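Spelled out, the chains give:
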Amino acid sequence: MSEKGWLDVSIFRCPECGRFYVDASGYVVELEADIECGDCHRMFNTKRQLVDRVMLRFKIGEKGKMLGAEIVEHLPISKDERLV
Ligand SMILES: [Zn+2]
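Every chain begins its residue count from 1, and numbering advances along the sequence as written. In keeping with the predicted nature of the model, local features appear solely for residues at pLDDT of at least 70, side-chain atom pairs appear and are counted solely at 80 or more, and the whole-chain, interface and lining totals rest on all residues.

**Remarks on the sheet that holds strand E2 (residues 20–24)**
DSSP-based pairing: two strands are paired if at least 2 bridges between them are found. Under the DSSP-based scheme used, a helix requires at least four consecutive residues in state H or I and a strand at least two consecutive residues in state E, with every element numbered from the N terminus. The antiparallel open sheet is built from 4 strands, whose spatial order is E2-E1-E5-E6. The open sheet has two edge strands with one neighbour each: E2 and strand E6 (66–74). The mean angle between the axes of side-by-side strands here comes to 35°, regardless of whether they run parallel or antiparallel. What counts as an axis is a line fitted to C-alpha atoms, over the stretch in contact for a helix, and the angles between N-to-C directions run from 0 to 180 degrees.

**A word on the pairing of strand E5 (residues 50–60)**
Put simply, side chains in a regular strand alternate between the two faces of the sheet. In the sheet, strand E1 (residues 3–13) pairs with E5 via 10 bridges, with the strands oriented antiparallel. Following the sheet pairing, glycine 5 is matched in E5 by phenylalanine 58. Pairing between E5 and E6: 7 bridges, direction antiparallel. By the bridge assignment, leucine 56 is partnered in E6 with isoleucine 71. Connecting E5 to the next strand, E6, in antiparallel fashion are 5 residues, including glycine 64 with a positive phi near 90°.

**A look at the environment of arginine 19**
Within the secondary structure layout, arginine 19 lies in the loop between E1 and E2. Along the chain, arginine 19 and cysteine 37 lie 18 residues apart, while their C-alpha atoms are 8.0 Å from each other. C-beta atoms are first placed from the backbone for all residues, and any pair lying within 7 Å is then listed as a contact. Look past the residues within four positions of arginine 19 in its chain and what remains in contact with it is Arg13, Cys14, Cys37 and Asp39.

Below, the structure is given as structure tokens:
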């Protein structure tokens, strides 16, 4: 028998070079954090570059080891959270 865990994650993209990033939605949507792109070093706001948000479900073994993950649903992105 296995346990389950959930994580709300956001997918966003560097406005300069187009590299995709994935991070916890709490960090992106709630904190509206700025990051520096690892490839082109441009600073940008993660929430303004949001392209998708999904709920992941993790399968966890009896001893707490992660066994796998799957997308449960795509969460709605409100208009002010998306780059127009
Ligand atoms: Zn970049």
